[in-house]
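Structural characterization, general
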Amino acid sequence: MIDIIKKALPENSTSDHDPTKFGTFGGVFTPCVLTILGVIMFLRFGEVVGQSGIWYAIIIILAAKSITLLTAFSLSAIATNVRMKGGGAYFLISRSLGAEFGAVIAVVFFLAQAVSVAMYIIGFTEAFKDTFPDTGMSTLQIASIVNLITFICVYIGAGWTIKVQYGIFVLLLLAIGSFFIGALADISWDNFATNIEPSFRDNDNLFTMFALFFPAVTGIMAGANMSGDLKNPSKSIPKGTLWAIFFTAIIYILMGFLLAGSRSQDQLLGNAMIVKEISVSGALIVGGVFAATLSSALASMMGAPRILQAFARDNIVPSFRFFAVGTGKTDEPRRATILTFVVAQLGILLGDLNAIAPIISMFFMITYGTLNLACFYEGWVGNPSYRPRFRFAHWSVSLLGAVSCVVVMFLMNPLWAVVSIIVMVILYWLISSQEVLSRWGDLKSGRAYEAARKALLALEQQSYHPKNWRPSILVLSGSPTSRPHLAEYGQWLASGQGIVSIAQIIPSAGNHTIERRQEAENRIRKFIREEGLQAFPVVVSDDGISSGLKTILQAHGLGAFKPNTVMMGTTTNKERWGEYCESIRIAARKQRSILLCDCVEERQSWEPPQGRIDILWKGEKHGALMLLLGHLLKRNPEWRTRQLRILATLPTGRPADKYQKGIEDLLNIARIDASVHVFSGDNDDVIIAKRTGNTAVLFMPFEPPTNDEEEAAFLDKVTMATRITADVILVYSAGGVCFEA
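Within every chain, residues take consecutive numbers counted from 1 along the sequence as written. The model is predicted, so local features are restricted to residues of pLDDT at least 70 and side-chain atom pairs to those at 80 or more, both for listing and for counting; the totals for chains, interfaces and linings are taken over all residues. Calculation of side-chain values draws on the structure's entire complement of heavy atoms; hydrogens and water are dropped beforehand.

Bringing the overall build of the chain into the picture now. Here a strand is any run of E in DSSP of at least two residues, a helix any run of H or I of at least four, and the numbering for each starts at the N terminus. Secondary structure assignment for the chain yields 28 helices and 10 strands. On C-alpha atoms alone, the chain measures out to a radius of gyration of 36 Å, which is more than a quarter above the 27 Å that the 2.2 N^0.38 rule sets for 741 residues. For every residue, the accessible area obtained with a 1.4 Å probe (protein chains only) is divided by the maximum for its type, and the residue is called buried under 20%, exposed over 50%, and partly exposed between those limits. The burial tally for the chain puts 53% of its 741 residues in the buried class. Summarising the internal contacts of the chain: among those between residues at least 6 apart in sequence, 82% fall at separations of at least 24. Per-residue accessibility takes into account occlusion by the displayed protein chains alone, with areas from the Shrake-Rupley method and a 1.4 Å probe. Working note: accessible area of the chain is about 32,100 Å², and carbon and sulfur atoms make up 57% of it. For this count, His and the chain ends are skipped, Lys and Arg are scored as positive, and Asp and Glu as negative. The atoms used to mark charge sites are NZ of Lys, CZ of Arg, CG of Asp and CD of Glu. The averaged location of the 59 negative side-chain charges in the chain is 4 Å from the averaged location of its 64 positive side-chain charges. C-alpha atoms define the radius of gyration, and 2.2 Å times the number of residues to the power 0.38 defines the globule rule. Contacts were defined at the residue level, with two residues in contact if any of their heavy atoms lie within 4.5 Å.

Among the secondary structure elements, Glu 47 is positioned in helix 4 (residues 45-79). Buried within the structure, Glu 47 lacks any salt-bridge partner; Arg 201 is the closest side chain of opposite charge, at an N-O distance of 4.2 Å. Residues in contact with Glu 47, not counting those within four places in the same chain, are Arg 201, Met 209, Leu 212, Leu 268 and Leu 269. Salt bridge, as applied in this entry: a Lys or Arg side-chain nitrogen positioned within 4 Å of an Asp or Glu carboxyl oxygen.

Attention now goes to unusual backbone geometry. Of note, Asn 203 is a non-glycine position whose phi angle comes to about 70°, a positive value. By the secondary structure assignment, Asn 203 is in the loop between helix 9 (189-194) and helix 10 (206-213). The phi dihedral of Ser 495 is positive, around 55°, even though this residue is not glycine. Looking at where Ser 495 falls in the secondary structure, it is placed in the loop between helix 21 (484-494) and strand 2 (499-506).

Here we take up the sheet that holds strand 8 (residues 675-679). If you walk across this open sheet you meet the 10 strands as 3-2-1-4-5-10-9-6-7-8, and the pairing is mixed. Strand pairing shows two members of the sheet lacking a second neighbour, strand 3 (535-541) and strand 8, which therefore form its edges. The mean inter-strand angle of the sheet, taken between neighbouring strand axes irrespective of direction, is 25°. Angular values range over 0 to 180 degrees, each being the angle between N-to-C directions of two axes fitted as lines to C-alpha atoms, with helices fitted over their stretch in contact. The sheet contacts of helix 26 (residues 656-670) involve strand 6 (612-617), strand 7 (644-649) and strand 8, and relative to strand 8 the element is tilted by about 155°. DSSP bridges decide pairing: two strands pair if at least two such bridges lie between them.

Aromatic rings from Phe, Tyr and Trp, taking only the six-membered ring of Trp, are treated as a pair when their centres fall within 6.5 Å; an angle between ring planes under 30 degrees marks them as stacked, one over 60 as edge-to-face, and anything in between as tilted. Summed over all chains, the structure comprises 38 aromatic pairs. Residues Phe 109 and Phe 364 carry aromatic rings whose centres are separated by 5.7 Å and whose planes lie at 85° to one another, so their mutual orientation is edge-to-face. Taken together, the residues Phe 109 in helix 6 (residues 99-131) and Phe 364 in helix 17 (residues 353-381) connect sequence positions 255 residues apart. Within the aromatic cluster, the residues linked to one another by ring pairs are Phe 25, Phe 29, Tyr 166, Phe 169 and Phe 247. For a Lys NZ or an Arg CZ to count as sitting over a ring, it must be within 6 Å of the ring centre and within 35 degrees of the ring normal. A cation over an aromatic ring shows up here: Arg 335 above the ring of Phe 322, its NZ or CZ 4.2 Å from the ring centre.

So, on to the packing of helix 15 (residues 282-313) against helix 16 (residues 334-350). Two numbers describe how helix 15 lies on helix 16: the axes approach to 8 Å, and their chain directions differ by 125°. Viewed along their axes, helix 15 and helix 16 adopt a mutual orientation that is oblique. Every pair of crossing elements has a handedness; the one defined by helix 15 and helix 16 is right-handed. Within the contact between the two elements, helix 15 uses Met 301, Ala 304, Pro 305 and Leu 308 and helix 16 uses Ala 336, Thr 337, Leu 339, Thr 340 and Phe 341. Throughout this entry, Asp, Glu, Lys and Arg are counted as charged residues, while Ala, Val, Leu, Ile, Met, Phe, Trp, Tyr, Cys and Pro are counted as nonpolar. The remaining residues, Gly among them, count as polar. Here the contact of helix 15 with helix 16 is built from residues that sort into seven nonpolar, two polar and no charged. Roughly parallel means an angle under 35 degrees; roughly antiparallel, over 145; roughly perpendicular, 65 to 115; everything else is oblique. Crossing handedness: left-handed means the near helix sits turned counterclockwise from the far one by under a right angle, and right-handed means the same turn made clockwise.

What follows deals with helix 23 (residues 545-555). Turning to helix 23, its buried residues are Ser 546, Gly 548, Leu 549, Ile 552 and Leu 553. An end-on view of helix 23 places all buried positions within 160° of arc, on one side of the element. The outward face of helix 23, more than 90 degrees from its buried face, is lined by the exposed residues Gln 554 and Ala 555. Where helix 23 is buried, its residues touch strand 1 (472-476), strand 2, strand 3, strand 4 (565-569) and helix 24 (574-589). Two residues or fewer past helix 23, Gly 557 is found with a positive phi of approximately 100°. By arc we mean the arc of the directions from the helix axis to the C-beta atoms, nothing more.

On to the pattern of salt bridges. Once the charged atoms of two side chains with opposite charge are near each other, the side chains can pair. Overall, the coordinates contain 13 salt bridges when judged by the stated rule. Measuring nitrogen to oxygen at the nearest pair gives 3.2 Å for the salt bridge that ties Glu 126 to Arg 44. Pair noted here: Glu 126 is in helix 6 and Arg 44 is in the loop between helix 3 (39-43) and helix 4, with a separation of 82 residues, a long-range link. For Arg 44, a relative accessible area of 9% gives the class buried. Here Asp 186 and Arg 263 are joined by a salt bridge, their closest N and O atoms 3.2 Å apart.

Our focus in this paragraph is the environment of Pro 480. Among the secondary structure elements, Pro 480 is positioned in the loop between strand 1 and helix 21. Pro 480 sits in the buried class, given a relative accessible area of 4%. The residues contacting Pro 480, other than those within four sequence positions of it, are Ile 502, Ile 524 and Phe 527.

Packing of helix 18 (residues 395-412) against helix 19 (residues 414-432) brings their axes to within 5 Å, and their N-to-C directions diverge by 130°. In terms of their interaxial angle, helix 18 and helix 19 are classed as oblique. Contacts between helix 18 and helix 19 involve Met 409, Phe 410 and Met 412 from the former and Pro 414, Ala 417, Val 418, Ser 420 and Ile 421 from the latter. Among the residues making up the contact of helix 18 with helix 19, the classes are represented as seven nonpolar, one polar and no charged.

What follows is about a nonpolar patch on the surface. Patch members must show over 30% relative accessible area and no salt bridge, and they are joined within 9 Å when carrying like charges or within 5 Å when they are nonpolar side chains of Val, Leu, Ile, Met, Phe, Trp or Tyr. A cluster of nonpolar side chains, Val 406, Phe 410, Val 418, Ile 421, Ile 422, Val 425, Ile 426, Trp 429 and Leu 430, forms an exposed patch at the surface whose accessible area comes to about 800 Å². Elements that contribute at least two residues to the nonpolar patch include exactly helix 18 and helix 19. Here the element with the most residues in the nonpolar patch is helix 19; it accounts for seven residues. Residue placement: Val 418 occurs in helix 19.

Moving on to the pairing of strand 4. Most of strand 4 sits inside the fold, with five of its five residues counted as buried. Of the two faces of strand 4, the one lined by Thr 565, Met 567 and Gly 569 and the one lined by Val 566 and Met 568 are each fully buried. Of the pairings in the sheet, the one linking strand 1 to strand 4 comprises four bridges and is parallel in character. Counted as the bridge partner of Leu 474 is Val 566 from strand 4. Bridge count for strand 4 against strand 5 (residues 593-598) is five bridges, and the pairing is parallel. Pairing of Val 566 across the sheet is with Ile 594, part of strand 5. In this fold, the crossover linking strand 4 to strand 5 by way of helix 24 has right-handed handedness. Looking down the strands as they point away from you, a crossover is right-handed if its path from the first strand over the helix to the second goes clockwise.

Note on soluble globular proteins: their nonpolar side chains tend to be buried together. Among buried residues, the Ala, Val, Leu, Ile, Met, Phe, Trp, Tyr and Cys ones that are joined through side-chain atoms within 4.5 Å form a nonpolar core. Formed by 141 residues in total, the largest nonpolar core has its most connected members in Phe 42, Phe 179, Phe 213 and Leu 259. Among the elements that take part in this core, helix 6 stands out by supplying 18 residues, more than any other. Look past the residues within four positions of Phe 42 in its chain and what remains in contact with it is Leu 172, Ala 175, Ala 272, Val 275, Ile 285, Gly 288, Val 289 and Ala 292. Within the second largest apolar cluster, 50 residues are counted, among which are Ala 487, Tyr 489, Ala 520 and Val 737.

Extensive coverage of strand 10 (residues 727-732) is indicated by the burial of six of its six residues. Where burial is concerned, the two faces of strand 10 agree: the one with Asp 727, Ile 729 and Val 731 and the one with Val 728, Leu 730 and Tyr 732 are both buried. Across five bridges, strand 5 lies against strand 10 in antiparallel orientation. Bridging across to strand 10, Leu 596 finds its partner in Leu 730. In terms of strand pairing, strand 9 (residues 695-701) meets strand 10 through five bridges, oriented parallel. Its bridge partner being in strand 10, Phe 699 is matched across the sheet by Ile 729.

Right under this line is the structure:
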C-alpha cells in the first residue's frame, strides 16, 4: 500500500519552507485522522455494529470509505492540477465548475463544517456527563462552554491549535490501544454469533445506520481546508488524505470485529459508552473521547472560517466581503470564526447527535458529489490545461464517485436528499442571477468548446435537408452604433434559432491595420454586450466593400455555421451604386440569400413599428424565404401579436379565387398562419401605395441586377422602398428553403 500511494503521487514538488506553514503530517494527516476517529467511533459505532450486525457493519464501513476514497482521488487530481490557495473544496470546485457552483459549495460546505462543530461538542458533552454526572450543569450549558473554549482556541490562531493536536493524537492512539487490548481479552465466539444477523430497531434500517456512521469518515477534507496554511498543498493534500483514509479504515474494521466479538448484541445496543467498558483503562477512553471530540471540533472550527474567507475574497457575493479580512501574520479569518461559532451554537441548541448526523451527511454528500463532478468534467472535457500529476486520475473514477454520492443520498433519506438538491438549485439560481464574473478560468468555456466541436463534426457528417435550414445572418452594419436597427432585425429574424454575425469592413491602415481591426472588433463586442445581442463580431480590412465582402464570405464561419444570408442596409448614393450592386452580385454568386433592409433609425431600440407584417407575393422562388422570415419575426415577443399578411397581384388570365386558394394551400403545407389578399388590375407600386398604410414591415422580392440597365431599374426600386413609411426588407432567396420542410 505504501508503494501504491508513493507511485500515485508526484515524484518531485517544490516546497515552500515558510516556518509558519505546515507539512503533510501536521497539516493534513493529523487533522484528517483526528476528525475521522471522532465522536461516532466512541459513542455510536457500537450501536451501528449492534443494529447492523458485523457483516452489514463492514459493508457500511467499506461503502463509506469507498465514497471518500473516490472523492480523495478526485481531490488529489484537482489539487495536483492547480496552484492551491486557501479555501479547500471551495477553491477546487470554483476553479473547475465556475464561480456559481463554487459559491453554492462554499455556503453548503461552510454550514456542514460549522454544524459539525456542534455534533462533536454534543458528543463530548455526552461523554462528559456520563463521566461526571454530578456537575450540576445542564447539557446545553456544558456544550456552550466547550463551544466557547473551542472558539477561543481557534481565534488565537491555527499554529497553536495544530501543536495541541499532536498531543491529542498521541492520547487518541493510546485510547484506541487500550480498547484493543481489552477487547482481545474478552473476545468470544458466542458474542460474535449474536452479532452476525442485524437487529434493527423501529424506523431504523441499513441506510439509517449508514447515515449515522457516515459523518465518521467525512474528515478527509480537514487537510484540504487548511490548503492556504500548507507548505506544499499539491503534495501534502493527496499524500496526507490517502494515508488518513487507509489508516482509519483499518482501525474501523478491526474495531468492528472486536466490538462484535467482545460484547453481545444487546450490550452493544444498550450502552453508548460500551467502548469505555471494554477498554482496560476507562480513563484513557474518557481521555480519548474528550480528545477525539475536541480535536474534531477544533479541526472543523479551523476549516469552516477558511472556506468562508476564501469565498468572501473572491467577491462573488459582495455582501460576504466583510468576512474576507484576515488578521495577523498568519492571516487568521477571525470574523468568519465568529460566524462559525454562532452557527455551531445554533446546532448545539438542537442537542441531539442522532438528529444532527444525517443533516451533516447530506451536506458532505453534496460537497463530495460536486467535487467528483468537477474532476469528472475536467477529465471528460479534455481541456489541455488539465494535466494532474496524480496518477490515478481518470474521469470514470470521478463519475463513479459522483453517482455514488447521489445514490447514497437518496438511500439514506429521499426527502432530505430532494430538499438538499432543491436548496442547491435555489442557491445556484440566486447567485447566477447576479451575473457573476469570475477572475479565473473554469470549465464552462471548456464544456461549451467540446460540445460545439462534437456538434460541428456531427453536422459535417450529415447531408443537408431543407427541414434543418436555419438563418445564419451576416449583418453588414458598418459601425453598428450608426445603424443599430440593422442588428436588431438580424436578431429578430434569427429568432433564437440561427446565428448572427455583426460585420464591419474597414480600410487598410498599413502597419496599424491589426490594431485598428482589434479596436473595431472590441467596439462591436461592446455593442453586442450592451444591446444584449446573441451575435459574433467580424471585422476585415480591405480597400473596397465588395472585395471585403468576398473575403468574409470565403473565410468567415466553420462547417455548417457559415453564413447563408447576407443582410445589408440600402443606399441611393449614385457614386457608390456600382460597388453596392457588385456586393449584391458577389453574395448571389456565393449562393447566399440577401436581405436589403431600409428602416426608420429614429425609433427607440427594440421597439418595432406598429402595424402588420406584410409580404409582397411574387411566387414561390423568393416567397418561401419571405414567408419563413415573417414567421420567425412573429416568434419574437415584440412581434408576437402582429398579423402576418400576404399581398398578391393577380396574374393576367388567372381566376382570383383559385389563385388565392393556391396560396392558402401553400400556407397550409408550410403550417404558417397568414391572411391572403389578392388584388387585380393593380401593379406593385399601386398595391404598396394603397395597402400598406398600417404596415410595420414589408418584405419584397428582388433579383440582383446583372447589367447597367438593370442597375438603373434596381435603383428606382430601392428609391421607392426608401419612401415607404413602413420598414422594408428586400429579399433575394438563394434556395435551400421549401414549404414542405
